[in-house]
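Given next are the chains, with one letter for each unit.
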Amino acid sequence: MIRETEVDGVRTLLARKSGPLVAGLTFRVGRADETLATAGITHLLEHLALHHSGLSDYHYNGATGSIVTHFHLTGSEDDVVKHLIGVCDALANLPLDRLETEKGILRTEAAGRKVGVGDAMPLWRYGAQGYGLLSYDELGLPRLTPDDLRHWAATWFTRQNAVLWITSDQVPAGLRLRLPEGTLRPVPRPSSALPTTPAYFSDRVNGVVFDAVVRRSAPASVFSAVLEREMYRNLRQEGGYSYQASTSYDPRGDAFATVTAFADALPDKQDAVLGGFLDVLAKLRVGRVDPVDVASVRTQAEEALRHDDRDAARLPGAAMNLLTGYPNQPAEELLAEVRAVTVDDVQAVATEATGTGLLLVPAGLNAEWAGYVPAPTFSTTAVDGLRYGSKQGSDLTLVVGHEGVSLVDGTHAVTVRYAECAVAMAWPDGARQLIGLDSISVRIEPTLYPIGPDVIARVDAGVPPGRLVWQPPREPSAIPQPKPAPSSTTTPKRGPVATAGFITLIVLASIMGVLSCLCGIAIFSADPANPDDDVLRDPVTYTMFGIVLAAMIAFVVGAIRLGRRRRAS
């Protein structure tokens with residue numbers, strides 16, 4: 001069983017496990033609690049708090065998630081005591097002399113991180129705030145100061161906002177958790193960037209991704225596993241379209257969870273994968289759920305809940321539940337709920353999932369035929385203000401107004417209003433990129449629009465305080481330049497082909513002239529008094545004369561014009 005106690009006012013969960021101790025200190029703070037202008041502050045603080053550990057004989061690490069941050073380790077009782085005391089002391093007295101060094105380490109870590117095919121899903125569902133920040137880089141790192149870190153630690157890393165868990169039936173002797181007083185912080189309310197669902201968007205991906213928000217429950221977790229079995233059977237075993245077909249079920253921290261499904265595809269199989277993927281979802285939604293699949297998933301869940309170390313394995317999740325107010329049920333209750341899941345329950349979750357679904361399809365495909373609406377890629381309105389046409393001669397116009405900025409191309413607009421600006425990235429060369437809370441972005445490049453420092457200053461003044469984030473200088477090659485328009489006064493020089501064409505026209509004009517003369521001589525030398533003269537009676541002769549004469553004139557005029565252009569070059 002999981003037993004609850006406390007250490008220095010920090011709620012503590014204990015469950016015995018064989019082998020070395022595993023312990024963790026979990027705080028109710030993560031990336032969803034940040035803003036885009038401070039994105040990365042929790043991860044940075046985590047790194048600073050672990051710097052004291054350096055090289056050690058035990059395994060330790062930290063992890064910053066969407067709503068919780070973990071400090072965990074595996075070792076002896078002495079290792080647990082030493083490490084957790086060091087973490088708490090570091091949180092109270094951060095090694096801020098390493099601030100810029102750790103920022104560099106985080107940038108290096110980000111540069112080596114692989115971008116997942118579904119990483120953009122939170123952005124499209126939630127926008128550039130809350131849970132949507134998981135799709136963004138840690139854009140706030142450049143502007144974070146020592147005072148920002150101290151305030152963040154004092155607000156979020158407190159004894160009331162933490163849970164300690166240890167795979168033991170007792171707390172190691174000598175463990176102290178010197179954390180400041182605070183309050184338990186509520187889970188952030190989810191935002192939405194989708195006017196309606198189910199929705200879809202497209203990108204250059206080799207596969208299909210689907211995610212849905214469903215009520216957190218045993219039937220929802222069973223649905224996720226049944227969906228994976230159906231996808232694997234349909235898309236890999238029977239169709240041979242995909243190699244990977246998988247799903248995941250992730251509690252969001254409130255009463256809901258996210259079900260995510262993915263199937264990969266080669267370029268020539270993308271259409272088939274999309275169709276097969278949606279067929280599987282439709283099949284479950286209408287109740288064609290295989291009872292054998294449901295029984296198999298229930299059996300797997302039961303085996304996990306009967307394992308000897310089941311309670312110890314549940315400790316990290318139990319700590320998150322305690323911090324978010326979700327009830328921690330005994331394993332026996334969970335087992336009974338899983339056993340009670342029916343085919344009808346799975347169908348009900350499939351219907352719920354389809355209604356909240358967000359689908360990512362490969363570029364060039366759409367899902368409107370299946371009832372999915374396009375996720376918005378443009379703003380509904382543009383701001384009023386001064387207009388600046390593009391230096392590249394396109395229809396794109398930059399509008400800078402009192403309320404915000406827009407880029408308009410005549411039929412569409414993207415707009416970021418200052419009051420809804422999540423971040424404004426600024427470069428020393430004058431470039432700006434404003435990202436709205438709805439994830440719509442406007443890029444301002446002084447090299448591409450006829451704007452001066454006064455216009456950029458007006459934009460900076462409109463951005464809410466604390467949301468302007470300065471970026472390092474760009475390499476000259478990274479600064480876009482307008483494409484030069486072709487000159488109207490200079491005629492390109494012509495090569496041997498043009499010269500050959502000129503000579504050909506002269507020769508053809510000469511031939512036409514000779515033929516025209518021969519036809520004329522034949523006509524005018526005919527005897528009008530002789531009724532037997534065939535030339536006078538043959539209309540073909542006159543027609544040939546007219547055609548040849550017209551062709552001769554056309555070739556001569558063409559030759560003269562070509563000669564003039566050639567001299568001009």
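Structure: see above.
Residues numbered from 1 in each chain as written. Predicted model: local features only at pLDDT ≥ 70, side-chain atom pairs only at ≥ 80, totals over all residues. Heavy atoms only, no water.

Colleague: Describe the sheet that holds strand β6 (residues 162-166), with residues and values.
Modeller: Across the sheet, which stays open at both edges, the six strands sit in the order β1-β2-β6-β3-β5-β4 with mixed pairing between neighbours. A single partner strand is all that each edge strand has here, and the edge strands are β1 (3-7) and β4 (59-64). Across the sheet, the mean angle separating the axes of adjacent strands is 20° when strand polarity is ignored. Inspection of the sheet shows β4 paired to strand β5 (residues 69-75) by six bridges, in the antiparallel sense. Note that in β5 the partner of G62 across the bridge is F71. With respect to the sheet, helix α1 (residues 41-50) is in contact with β4 and β5, its orientation differing from that of β4 by roughly 160°. Helix α10 (residues 315-324) contacts β1, β2 (10-14), β3 (21-27) and β6 of the sheet and is inclined by roughly 160° relative to β6. (Pairing = 2+ DSSP bridges. Helix = DSSP H or I, 4+ residues; strand = E, 2+ residues; numbered from the N terminus. Axes fitted to C-alpha atoms, helices over the stretch in contact; angles between N-to-C directions. Contact = heavy atoms within 4.5 Å.)

Colleague: Residue-level account of the nonpolar core, with values.
Modeller: In terms of nonpolar packing, the biggest core is built from 43 residues, with L25, F27, L149, F157, L164, L175 and L177 touching the most fellow members. When residues of this core are traced back to their parent elements, those giving at least two are β2, β3, α1, β5, α2 (77-92), α3 (99-112), α5 (146-156) and β6. With eight residues, α2 is the single largest residue contributor to this core. Not counting the four nearest positions on each side in its chain, L177 is found in contact with V7, D8, V10, L25, L84, C88, R159 and L164. (Core = buried A, V, L, I, M, F, W, Y, C linked by side-chain atoms within 4.5 Å. Buried < 20%, exposed > 50% of the residue type's maximum accessible area, 1.4 Å probe, protein only.)

Colleague: Now, about the pattern of salt bridges: what can you tell me, with residues and values included?
Modeller: Within the structure shown, the criterion is met by 26 salt bridges. For R474, the salt bridge goes to D429, with nearest N and O atoms at 2.9 Å. Placement of R474 in the loop between β20 (468-470) and α14 (496-524) and of D429 in the loop between β17 (421-426) and β18 (432-436) is noted, with a sequence separation of 45 residues between them. The buried category is assigned to R474, whose relative accessible area is 15%. Overlapping salt bridges, with partners in common, bring together R229, E230, R233, K283 and D293 in one network. (Salt bridge = Lys/Arg side-chain N within 4 Å of Asp/Glu carboxyl O.)

Colleague: Describe in detail the pairing of strand β19 (residues 441-444), supporting the description with residues and values.
Modeller: Here β19 shows a clear split, with V442 and I444 buried on one side and none of S441 and R443 buried on the other. Bridge count for β18 against β19 is four bridges, and the pairing is antiparallel. Considered in β19, the bridge of Q433 is made with R443. Counting the residues between successive antiparallel strands, the hairpin from β18 to β19 contains four residues, one of them, S439, with a positive phi of roughly 80°.

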